Amino acid sequence: MRKKVKKTGEIFRHYLSLIIISAFVLLPYYWMVVTAVKPTEEVMVSPATLLPSRISLDNFSRVWQSIPLGSYMRNSFVVSVAVTAVSVVFATLCGYSISRYIRRRAQKISLVLMLCTQLIPGIVTMISLYFIMFNMGMTNTYRGLIIAYTVWAVPFCTLMIKGYFDAAIPREIEESARVDGCSQFGTFFRICLPISVPGIISTAIFAFILAWNEYMWASILLSNNKLKPVSVGVYDFIGQYGANTKLALTMKAGIFITLPAVIIFAFLQKYLISGLAAGAVKG
């Protein structure tokens, strides 16, 4: 009886902790949605109301008229897809090479160096990278922004996919393929890549969200409004009109901005979970 009561108490504490953490994480999103659907006269009421008196959807069309949101989202989508593609290709090749063909000491050194790149604040290299881009004529271009994002995305993506290769793909499978006459490249493309699809998809999701949310490099490298991604464009809108006068429109824009990441995660979450779980445990 005591064991049953103890087990019930543990389950209760577990779910209570999950509910509290979930509420803390979801509160900003809830506030964004509630503010977006509030009538205009209730947006700046003090004290703020947790629920709107009525739901107003009239101003959602005004977002596309007041902010060039379509252009900003198109720019973000182009850059994010390009960064994802480049990062996944380089990370997959590099992660597989480190996992399979580098000696143990060299492997440790390469991993430490990659981890060190993640510890360096982006602001430290901003000036040097900006002048490199400026001298190469890549400011105010998609190419410069894609390169800047990829520089920071590839190391972590490499660590993610390397862990998946270590844990989820036994070396015996590759050895069997080599015995059957498959070449080194054939083993990689025919055996390892199809098996590593969950790890590659989880890596791609990380790269896409990193590029979609990034603000610092875009604000430094771009001054042409036609090329700005959505993160910089919406912030410029807030700076132009103020954070309070157009708060409802800003929240409505925030809903549209978060939709791509939410949709991607909703459809690919099983691959993300399986990829992260397989790469987290040594098989």
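What you see is a predicted model; the values in this text were computed from it and never measured.

Taken as a whole and assessed by the stated rule, the structure comprises one salt bridge. Across the salt bridge formed by K162 and D166, the nearest N and O atoms sit 2.5 Å from each other. Within this pair, K162 and its partner D166 are both found in helix α7 (residues 142–168), separated by four residues, close to a single helical turn.

We now examine the side chain of K228. Here K228 shows up in the loop between α11 (216–221) and α12 (230–241). Those residues in contact with K228 that sit more than four places away from it in its chain are Y72, N75, L222, S223 and D236.

Below, the discussion takes up the environment of K252. Along the polypeptide, K252 turns up in helix α13 (residues 247–280). With 215 residues separating them along the chain, K252 and V37 place their C-alpha atoms 8.0 Å apart.

Below, the discussion takes up a nonpolar patch on the surface. A cluster of nonpolar side chains, I21, F24, V25, L26 and Y29, forms an exposed patch at the surface whose accessible area comes to about 570 Å². Along the chain, F24 falls in helix α1 (residues 2–37). On the basis of relative accessible area, F24 is assigned to the exposed category, the value being 68%.

In this section: the packing of helix α4 (residues 69–101) against α7. For any two helices packed against each other, one specifies the crossing angle of their axes together with the interaxial distance. Two numbers describe how α4 lies on α7: the axes approach to 6 Å, and their chain directions differ by 40°. By the criterion of interaxial angle, the relationship of α4 to α7 is oblique. Here the hand of the crossing between α4 and α7 comes out right-handed. Taken together, the residues of the contact of α4 with α7 break down into 19 nonpolar, seven polar and three charged.

What counts, and at which threshold
Residues numbered from 1 in each chain as written. Predicted model: local features only at pLDDT ≥ 70, side-chain atom pairs only at ≥ 80, totals over all residues. Heavy atoms only, no water. Salt bridge = Lys/Arg side-chain N within 4 Å of Asp/Glu carboxyl O. Helix = DSSP H or I, 4+ residues; strand = E, 2+ residues; numbered from the N terminus. Contact = heavy atoms within 4.5 Å. Patch = residues over 30% accessible without salt bridge, like charges linked within 9 Å, V, L, I, M, F, W, Y side chains within 5 Å. Areas by Shrake-Rupley, 256 points an atom, 1.4 Å probe, with all protein chains shown as cover. Buried < 20%, exposed > 50% of the residue type's maximum accessible area, 1.4 Å probe, protein only. Axes fitted to C-alpha atoms, helices over the stretch in contact; angles between N-to-C directions. Parallel < 35°, antiparallel > 145°, perpendicular 65-115°, else oblique. Left-handed = near helix turned anticlockwise from the far one by under 90°. Nonpolar A, V, L, I, M, F, W, Y, C, P; charged D, E, K, R; others polar.

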